[in-house]
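The chain contents come next:
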Amino acid sequence: MRIAIFTDTFLPQINGVVRTTVTTANGLVARGHKVAIFTMDVRKIKVEAAHSSQPNELDDRVQVHTFTSLTSPWFKDIQLRIPTLAAPLSAARRFRPDLIDSKTVFGIGWDAVMVARLLKCPLVGTHNGFLAEYLGNVRLDFSTMKNLMRQYLGFYYNRCDAVTVSCRALGKELLDHGLKCPVQVISNALDLRQLAVHGSKEGLRKKYKLTKPTLVHVGRLVAQKSIDGLLHAFAQLLKLGVDAHLIIIGDGRERPRLEALAHKLAILDSVMFTGLLQSKELWERIAAGDIFVSASTTEAQALAFFEAMALGLPAIGVRAGGVPEYVQHEKNGLLVAPDDPEALAQAMRHLIEDAVLRESYGACAKEGVKAYDAEAVLDKIETLYRGLEKAGRLIV
């Protein structure tokens, strides 16, 4: 098949959508498909992004087409695009896609809708996040705007022939707000072959000078990840007499505030902010830890959870979003109520003090995450794509 993927975020940016898109594109070309990425002006992102990705991460067989975009007035590492159709349509005609997969509901996502209509090829909408929860980034975090955003999502995805979501909770939100077209849960693709860590946990702990039980959090340092709640919970853990490390991996605009909070809580000596890590260093840091923990209430299907679980760490999360769909309470980790630092502290204490239980949950996590391996996910994606290709364009 010839598959065109439209996305408003791509390399050299680093986030869950980019990593999943790269894994999916690489997997599809490895299976003999032709794949082209239609995205923003990457040259601008390269200049403005705080970090660049590894140069050889994307398979050379994947085409990349970039189109005019403007820098967001709010965030310098985000590009915005007003749909103009002409350039994407011209590039798409040359590529001759059998199917288009849109991974965004904004700017270039509307280019995808219009190109699919004009070329009469099926359009898949891939939805990966609770976007209404991120309106606070532009100071629109109130109920009316959240409801309008959810209705907008339903409006956009009704332009598609099929919609995929990474967790059931996302699908429910769309259906509750006007989605009429078919929706299917297809996990984000995780390339387990990349998660190879050499050396023992003891060796890695020595390498990174970890001498106490270690909790690990991975993610962008933004308000929606509730890292302030995690810091408050960790402070309570230390007050309970549990001596531990907390490693926070990632970067973002909230980092100065979070470091100041750790200082105010008098826990900075036990908390390490590593900044953004990638590949080997990232996976070694995770594998050196004992427990993965997150207080975020806005996760759909976070790759950070899966990577930690694949490396044998039990997970602690909250009963919100998609987290309960892959963190099974008292099987591969623990779940607590949202916005409850005391409960989170008790969960951390429980697993730190019970090594046998921690190892049991970790082994279960490592085994269970195999269901999300890229090869199994690509089988489902291929089946969906083939069915739509055979049926042709359903919405005219």
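Up top you'll find the structure we're talking about.
Residues numbered from 1 in each chain as written. Predicted model: local features only at pLDDT ≥ 70, side-chain atom pairs only at ≥ 80, totals over all residues. Heavy atoms only, no water.

This next bit is on the pairing of strand β7 (residues 123-127). Taking burial as the measure, the 5 residues of β7 include 5 buried ones, the bulk of the element. Bridge analysis of strand β6 (residues 99-102) against β7 gives 3 bridges, and the strand direction is parallel. The residue of β7 that forms the bridge with I100 is L123. With helix α4 (residues 107-119) bridging β6 and its parallel neighbour β7, the resulting β-α-β unit is right-handed. (Buried < 20%, exposed > 50% of the residue type's maximum accessible area, 1.4 Å probe, protein only. Helix = DSSP H or I, 4+ residues; strand = E, 2+ residues; numbered from the N terminus. Pairing = 2+ DSSP bridges. Right-handed = clockwise from strand over helix to strand, strands pointing away.)

Residues L99 and D101 point to one face of β6 and I100 and S102 to the other, with burial holding for every one of them. Of the strand pairs in this sheet, strand β1 (residues 2-6) and β6 are connected by 4 bridges, and their pairing is parallel. Looking across to β6, one finds that A4 is bridged to I100.

Reading across the sheet, the 6 strands line up as β12-β11-β10-β13-β14-β15 and stay open at both edges, with parallel pairing between neighbours. Edge strands, defined here as strands with exactly one partner in the open sheet, are β12 (271-275) and β15 (333-336). Sheet twist, expressed as the mean angle between neighbouring strand axes with direction ignored, is 20 degrees. Two elements, strand β10 (residues 214-218) and strand β13 (residues 291-293), share 2 bridges in a ladder whose sense is parallel. Within the sheet, the bridge partner assigned to L215 lies in β13 and is I291. (Axes fitted to C-alpha atoms, helices over the stretch in contact; angles between N-to-C directions.)

The next point concerns the packing of aromatic side chains. The geometry of an aromatic ring pair is captured by two quantities: the separation of the ring centres and the angle between the planes. Enumeration over the complete set of coordinates arrives at 10 aromatic pairs. Geometrically, the ring pair formed by F38 and F67 is stacked, given 5.9 Å between the ring centres and 15 degrees between the ring planes. Note that F38 is positioned in strand β2 (residues 34-39) and F67 in the loop between β3 (63-66) and β4 (70-71), a separation of 29 residues in sequence. Looking at F38, the relative accessible area reads 0%, which means it is buried. Its relative accessible area of 7% is what places F67 among the buried residues. Through a chain of ring-to-ring contacts, the aromatic side chains of F292, F305, F306, Y326 and Y372 assemble into a single cluster. For R2, the ring lying beneath its charged end belongs to F95, and the centroid distance is 4.8 Å. Cation over ring: R159 sits above F155, and NZ or CZ is 4.3 Å from the ring centre. (Phe/Tyr/Trp six-rings, centres within 6.5 Å; stacked < 30°, edge-to-face > 60°. Lys NZ or Arg CZ within 6 Å of the ring centre and 35° of its normal.)

As for its position among the elements, H127 is in strand β7. Among the polar contacts made by the side chain of H127, one reaches the side chain of Y157 at a distance of 3.2 Å. Not counting chain neighbours up to four residues away, the residues in contact with H127 comprise L153, Y157, T164, V165, S166, L170 and L174. (Polar contact = N/O pair within 3.5 Å; in protein donor to acceptor, adjacent residues only side chain to side chain. Contact = heavy atoms within 4.5 Å.)

The next point concerns the sheet that holds strand β9 (residues 183-185). Read across the sheet, 7 strands follow the order β3-β2-β1-β6-β7-β8-β9 without closing on themselves; strand pairing throughout is parallel. Because the sheet does not close on itself, it has two edges, and the strands there are β3 and β9. Adjacent strand axes in the sheet meet at a mean angle of 25 degrees, parallel and antiparallel pairs treated alike. Pairing of strand β8 (residues 162-165) with β9, which is carried by 3 bridges, proceeds in the parallel orientation. Note on β9: the bridge partner recorded for V163 is V183. Set on the sheet, helix α5 (residues 143-157) makes contact with β6, β7 and β8; between it and β7 the angle comes to about 155 degrees.

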